[in-house]
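# Examination of the molecular architecture
Now for the letters of each chain:
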Amino acid sequence: MTLPPYHSEVYQPEADTYLLLETAKTEVHSGEIVLEVGTGSGLISAELQKNAHIFATDINPHACRSAKGMGIEVIRTDLMAGICGNFDLIIFNPPYLPTPPDERINDWLEYALDGGESGRETIENFASDLCRIMTRFGRALVLVSSLTGISEVQKLFAEKGLLCFVVAQKKVEDETLYVIRIMRDLCRCACEEP
Ligand SMILES: C[S@@+](CC[C@H](N)C(=O)[O-])C[C@H]1O[C@@H](n2cnc3c(N)ncnc32)[C@H](O)[C@@H]1O
């Protein structure tokens, strides 16, 4: 696929984008309602849109413009704030790099990369609101890295009454990328269904 030139403050599709895209393609069923949180360029949503109903969000206005240009119905918001509805599949390639305050950069790309000091701050906020918009048998796919701490990420979803498993992984230079699949633990669900 030939990619359009993106705005310099929009995350350019990388190995993490493609690992999540390939995993999402095998996960999504025809006609499902899908939300991509933090769509960036819009590449993943544009590919999934071929056989599902896609909605997307991003906090970065340049990313929203890019995704809109790819034909995606995108809303500028913080994670899924203000989004109502029941989604069959929710996907997110979050900012996951552990970032000390003195290494922060002052532009929109910061939102693509900076996961706070632990690397898990945005993932934690996402986990807290996930059940509200996920159908009873819904799933989420989230990209994380060995730099983020895979067992710590699994623990934070477990604390919300969610099950999570690694469904894809790839070694890239000095990190391993993982896609985790998250579902309600119907035997022990700590979160209310919508
Ligand atoms: C690593 S980039 C991934 C972009 C794209 N999904 C991809 O895989 O190429 C993370 C994206 O999440 C967005 N993002 C970060 N924090 C966000 C938040 N609180 N609410 C909405 N979007 C956010 C960033 O602006 C960025 O576009």
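For the structure, see preceding data.
What comes next concerns the included structure. Nothing here was measured: the structure is a model prediction, and the numbers come from that model.

## Quick word on the layout of surface pockets
Space inside the largest pocket adds up to approximately 830 Å³. As for the largest pocket, its lining consists of 45 residues, and the residues nearest its centre are P94, P95, Y111, A112 and L113. When residues of the lining of the largest pocket are traced back to their parent elements, those giving at least two are helix 1 (15–27), strand 1 (33–37), helix 2 (43–48), strand 2 (53–58), helix 4 (110–113), helix 5 (121–129) and strand 7 (175–184). The biggest single contributor to the lining of the largest pocket is helix 4, with four residues.

## Some words on helix 1
Because each turn of an α-helix spans 3.6 residues, side chains separated by three or four positions end up pointing in the same direction. If you check helix 1, its first and last C-alpha atoms are 18 Å apart, about what 13 residues at 1.5 Å a residue would give, namely 18 Å. Among the residues of helix 1, those classed as buried are D16, T17, L19, L20, L21, T23, A24 and E27. Looking at the packing, one finds that the buried side of helix 1 touches helix 2, strand 4 (87–92), strand 5 (134–145), strand 6 (162–172) and strand 7.

## Thoughts on the sheet that holds strand 2
Paired through backbone hydrogen bonds, the strands of a sheet run either parallel or antiparallel to each other. On the basis of which strands lie adjacent, the open sheet formed by seven strands has the order 3-2-1-4-5-7-6 and mixed pairing. Among the strands making up the open sheet, the edge pair consists of strand 3 (73–76) and strand 6. Strand-to-strand twist across the sheet, computed as the mean angle between neighbouring axes with direction ignored, equals 20 degrees. Pairing of strand 2 with strand 3, which is carried by four bridges, proceeds in the parallel orientation.

## So, unusual backbone geometry
Negative phi is the rule for most residues except glycine; trans is the rule for most peptide bonds. Unusually for a residue other than glycine, L79 sits at a positive phi of about 50 degrees. Its location among the elements puts L79 in the loop between strand 3 and strand 4. Of note in this structure, E173 is not a glycine but carries a positive phi near 45 degrees. By the element assignment, E173 lies in the loop between strand 6 and strand 7.

## Focus on the packing of aromatic side chains
Taken as a whole and assessed by the stated rule, the structure comprises three aromatic pairs. Ring geometry for F92 against F126: centres 5.0 Å apart, planes inclined by 40 degrees, an arrangement best described as tilted. Taken together, the residues F92 in strand 4 and F126 in helix 5 connect sequence positions 34 residues apart. One exposure class covers both F92 and F126, and it is buried.

## Regarding the site of the ligand
Around the ligand, 18 residues are found, and the nearest of them are T17, G38, D58, D78 and L79. In the environment of the ligand, an oxygen atom lies 2.7 Å from a nitrogen or oxygen atom belonging to the side chain of T17. Backbone polar atom of T39 to a nitrogen atom of the ligand: 3.4 Å apart, as the coordinates give it. Across the complex, the protein chains shield 96% of the 590 Å² of accessible surface that the ligand would expose by itself. A molecule is said to occupy a pocket when more than half its atoms come within 2 Å of that pocket's grid points, and by this definition the ligand occupies the largest pocket. For the shell around the ligand, the residue count by class is eight nonpolar, seven polar and three charged.

## Re the packing of helix 5 against helix 6 (residues 150–158)
For the pair helix 5 and helix 6, interaxial distance at closest approach is 9 Å and the crossing angle is 25 degrees. The angle between helix 5 and helix 6 falls in the class roughly parallel. Here helix 5 and helix 6 pass one another in a crossing that is right-handed. Contacts from I123, E124, F126 and A127 in helix 5 reach V153, L156 and F157 in helix 6. Of the residues contributing to the contact of helix 5 with helix 6, the split by class is six nonpolar, no polar and one charged.

What counts and how
Residues numbered from 1 in each chain as written. Predicted model: local features only at pLDDT ≥ 70, side-chain atom pairs only at ≥ 80, totals over all residues. Heavy atoms only, no water. 1 Å grid on protein atoms, 1.4 Å probe; cavity = no way out; pocket = protein on both sides within 12 Å on 5 of 7 lines; lining within 4 Å. Points joined across faces, edges and corners; volume = space filled by probe spheres on them. Helix = DSSP H or I, 4+ residues; strand = E, 2+ residues; numbered from the N terminus. Expected span 1.5 Å × (residues − 1). Buried < 20%, exposed > 50% of the residue type's maximum accessible area, 1.4 Å probe, protein only. Contact = heavy atoms within 4.5 Å. Pairing = 2+ DSSP bridges. Axes fitted to C-alpha atoms, helices over the stretch in contact; angles between N-to-C directions. Phe/Tyr/Trp six-rings, centres within 6.5 Å; stacked < 30°, edge-to-face > 60°. Near = heavy atom within 4 Å. Polar contact = N/O pair within 3.5 Å; in protein donor to acceptor, adjacent residues only side chain to side chain. Areas by Shrake-Rupley, 256 points an atom, 1.4 Å probe, with all protein chains shown as cover. Sits in = over half its atoms within 2 Å of the grid points. Nonpolar A, V, L, I, M, F, W, Y, C, P; charged D, E, K, R; others polar. Parallel < 35°, antiparallel > 145°, perpendicular 65-115°, else oblique. Left-handed = near helix turned anticlockwise from the far one by under 90°.

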